[in-house]
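Each chain is listed here by its residues.
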Amino acid sequence: CLTCAAGKFSVIGSTTCTMVPPGHYTNESSTKSIFLPCPSGRYQSESGRTSCIVSPPGTYSPSGAAIAHKCPRGTVSMVNGSTSVDSCTLCEAGKSTSEEGSSTCTPCSVDFFNSIVGGTCLSCKVKGNCDSCGELMTSNLDHTGCVIDDRLTSLQQKTLIESLFSKGVALYGAGAISAAFVGL
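The rules behind each value
Residue positions are given per chain, counting from 1 as you read along its sequence in written order. Owing to the predicted nature of the model, reporting of local features is limited to residues with pLDDT of at least 70; listing and counting of side-chain atom pairs is limited to 80 or more, with chain, interface and lining totals taken over all residues. Only hydrogens and water are removed before side-chain values are computed, so all heavy atoms of the structure are retained for them. Numbering goes from the N terminus for both helices and strands, where a helix is a DSSP run of H or I of at least four residues and a strand is a run of E of at least two. Note on classification: 1.4 Å probe, protein chains only; a residue is buried when its accessible area is under 20% of the maximum for its type, exposed when over 50%, partly exposed between these limits. Using a 1.4 Å probe, the Shrake-Rupley method yields the accessible areas, and only the shown protein chains count as cover for residues. In what follows, residue pairs with any heavy atoms lying within 4.5 Å of each other are defined as contacts. Aromatic rings from Phe, Tyr and Trp, taking only the six-membered ring of Trp, are treated as a pair when their centres fall within 6.5 Å; an angle between ring planes under 30 degrees marks them as stacked, one over 60 as edge-to-face, and anything in between as tilted. Residues grouped as a nonpolar core are buried Ala, Val, Leu, Ile, Met, Phe, Trp, Tyr and Cys residues, joined through side-chain atoms within 4.5 Å. Note that a disulfide, as used here, is simply two cysteine sulfur atoms within 2.5 Å. Counted as a polar contact is a pair of N or O atoms within 3.5 Å, where, for protein atoms, one must be capable of donating a hydrogen and the other of accepting one, and residues adjacent in sequence contribute only when both atoms are in side chains. The working definition used for a salt bridge is a side-chain nitrogen of Lys or Arg within 4 Å of a carboxyl oxygen of Asp or Glu. The quantity called pLDDT is the predictor's confidence in a given residue, expressed from 0 to 100.

> Explain the overall build of the protein chain to me, please; I cannot follow it from the model alone.
Along the backbone of the protein chain there are two helices and 16 strands. For the protein chain, buried positions account for 28% of its 184 residues. Here the protein chain has roughly 11,300 Å² of accessible surface; of this, 59% comes from carbon and sulfur atoms.

> Help me understand the environment of C91, please; the structure alone is not making it clear to me.
Position of C91 among the secondary structure elements: in the loop between β10 (89-90) and β11 (95-96). Residue classification places C91 among the buried residues on the basis of a relative accessible area of 0%. As a C-alpha pair, C91 and R73 span 18 residues in sequence and 9.3 Å in three-dimensional space. Excluding residues within four positions of it along the chain, C91 makes contact with G74, T75, V76, S96, T97, C105, V117 and G118.

> How should I be thinking about the environment of V85 in this particular structure?
With respect to the helices, strands and loops of the structure, V85 is situated in the loop between β9 (75-76) and β10. Between the C-alpha atoms of V85 and Y60, which are 25 residues apart in sequence, the distance is 6.5 Å. Among all residues touching V85, those that are not within four sequence positions of it are Y60 and P72.

> I would appreciate a short explanation of the packing of aromatic side chains in the present structure.
A ring pair, where both rings are aromatic, is described by two values, the distance of the centres and the angle of the planes. Scanning all chains against the criterion turns up one aromatic pair. Consider the rings of F9 and F35, whose centres lie 4.7 Å apart with planes at 55 degrees: the pair is tilted. Here F35 lies in the loop between β3 (24-25) and β4 (36-37) and F9 lies in strand β1 (residues 8-9), a separation of 26 residues in the sequence. By relative accessible area, which is 26% here, F35 ends up partly exposed.

> Looking at this model, I keep getting lost on unusual backbone geometry. Mind explaining?
Excluding glycine, most residues fall at negative phi; most peptide bonds, likewise, are trans. Positive phi, normally seen in glycine, also occurs at D111, with a value near 75 degrees. In this model, H143 sits at a positive phi of 60 degrees, which is unusual for a non-glycine residue. The exposure class of H143 is buried, given its relative accessible area of 15%.

> Would you take a moment to explain the nonpolar core for this structure?
Across soluble globular proteins, you tend to see nonpolar side chains buried next to one another. If you look at the biggest cluster of nonpolar residues, it comprises five residues: F113, C124, C133, M137 and C146. Excluding residues that lie within four positions of it along the chain, M137 makes contacts with D111, C124, K125, S132, C146, V147, I148 and D149.

> Hey, could you run me through the state of the cysteines in this one?
Two cysteines form a disulfide when their sulfur atoms are joined by a covalent bond. Scanning all chains against the criterion turns up seven disulfides. The disulfide partner of C4 is C17, and the S-S distance across this bridge is 2.2 Å. Disulfide C4 to C17: torsion about the S-S bond roughly -90 degrees, handedness left-handed. Remark: C17 occurs in the loop between β1 and β2 (18-19) and C4 occurs in the segment before β1; sequence separation between them is 13 residues. Since its relative accessible area comes to 31%, C17 is described here as partly exposed.

> Before we go on, may I ask you to explain the side chain of T75 in this structure?
Checked against the element boundaries, T75 lands in strand β9. Among the polar contacts listed, one links the side chain of T75 to the backbone oxygen of P72, at a separation of 2.6 Å.

> Would you explain the pattern of salt bridges in this entry?
Pairing between side chains becomes possible if they bear opposite charge and their charged atoms approach one another. According to the stated counting rule, one finds two salt bridges in the structure shown. In this structure, E46 and R49 form a salt bridge, with 2.1 Å as the shortest nitrogen-oxygen distance. Here K125 makes a salt bridge to D149, at a shortest N to O gap of 3.9 Å. Here K125, found in the loop between β14 (122-123) and β15 (137-139), pairs with D149, found in the loop between β16 (146-148) and α1 (150-166); they are 24 residues apart in sequence, far enough to count as distant. For K125, a relative accessible area of 27% gives the class partly exposed.

> Even after reading the chapter, I still don't get the confidence of the model for the protein chain, so can you show me in this structure?
Caution is warranted with low-pLDDT regions, since their predicted coordinates should not be read in detail. Summing up the model confidence of the protein chain, the mean pLDDT is 84 and the portion of residues at 70 or higher is 79%. Within the model, the stretch residues 169-183 combines pLDDT values under 50 with four contacts to residues more than four positions away or in other chains.

The structure is reproduced here in structure tokens:
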């Protein structure tokens, strides 16, 4: 049998050595035609390697993996060497991840909410994202729902009054009411 260097193998009867495929390794030179799959929690994306790489936080790798799979959006993995998608835990309501492969859940931004465990943050300003969503809404304190944005409603009322005075409508109306009382 042909002796192959670490990272390579030979099929019985062959006169050449072949690189071990991705997701596998050989850690010593051998006359055997075998190679090993990367163990769970590790991966190898290149051919001909002698070891596998530990999956970083935000990812997981089953046995024989050629890549570290990213945890889905709305889930996280905070440890090295996660072995399956079941290792990815759901973010609590009011928090989410901005992308796949995250290692921490972050609170939704102002004006955004997430009412379900493992969900994504949605805008309170977009009608249809919730029953009360619309332009005058913002997120509640824990970002699990939407409430009326007091800053905008008071601003709108102020703008209406300022608009009426600037156009003379309110002043004319006040003068007409005063004249009516004087005439009595």
